Amino acid sequence: AGNMASEDRKEVLSKAATTMFDKVSKHIQGELYASTEDYKVLEKMNAITTDKFKELTEQAATINTEMGKLQAESSELIPALDQIDVLETSVEELLNTATLLDDYSKKIEAKYKEVIVARRS
């Protein structure tokens, strides 16, 4: 009977150990699966980030090219803008001269009328 009890204990312990090892094994497998899934998510995030970075790099290159074109166009416009400034100054001077001539012609006309009126009297 003592031998049988010892055998039963060994069998109970063996089953308990097997159950424990099965559960530990399943737990480790679950941890490995979770780690694998985390790794897959990180891989996907890395791929998306890489694609986005490439897209942003291309956009920056395009913007840089367009800025270069705009700077070149701006440089081409500077002489024309300078000529417009010179022309504007000339027009202002011409307008001032025309105003002076108009004033002077009005004075001459007034004098002429005075002379005509004085001769008739």
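Residues numbered from 1 in each chain as written. Predicted model: local features only at pLDDT ≥ 70, side-chain atom pairs only at ≥ 80, totals over all residues. Heavy atoms only, no water.

Caption draft 1: Spotlight on the overall build of the protein chain. Helices and strands together make up the secondary structure of the protein chain, namely 1 helix and 0 strands. A principal-axis box enclosing the C-alpha atoms of the protein chain has dimensions of 170 × 30 × 10 Å. Burial analysis of the protein chain (121 residues in total) assigns 0% to the buried set. A total of about 11400 Å² of accessible surface is found on the protein chain, and carbon and sulfur atoms cover 62% of it. If you average the places of the 16 positive and of the 23 negative side-chain charges in the protein chain, the two averages end up 5 Å apart. (Helix = DSSP H or I, 4+ residues; strand = E, 2+ residues; numbered from the N terminus. Buried < 20%, exposed > 50% of the residue type's maximum accessible area, 1.4 Å probe, protein only. Areas by Shrake-Rupley, 256 points an atom, 1.4 Å probe, with all protein chains shown as cover. Lys, Arg positive; Asp, Glu negative; His and termini not counted. Charge placed at Lys NZ, Arg CZ, Asp CG, Glu CD.)

Caption draft 2: Layout of the pattern of salt bridges. Under the criterion given, the structure shown has 6 salt bridges. Here Lys-106 and Asp-102 are joined by a salt bridge, their closest N and O atoms 3.3 Å apart. A residue pair is termed a helical-turn pair when its members lie 3 or 4 positions apart in one helix, as Lys-106 and Asp-102 do in helix H1 (residues 2–120) at 4 residues. (Salt bridge = Lys/Arg side-chain N within 4 Å of Asp/Glu carboxyl O.)

Caption draft 3: Quick look at a negative patch on the surface. Side chains of Asp-82, Asp-85, Glu-88, Glu-92 and Glu-93 sit close together on the surface and give a patch of like negative charge. As for its position among the elements, Glu-93 is in helix H1. (Patch = residues over 30% accessible without salt bridge, like charges linked within 9 Å, V, L, I, M, F, W, Y side chains within 5 Å.)

Caption draft 4: Fine view of the environment of Lys-52. Take Lys-52: it is sitting in helix H1. On a C-alpha basis, the gap between Lys-52 and Ser-14 in space is 56 Å, while along the polypeptide they are 38 residues apart.

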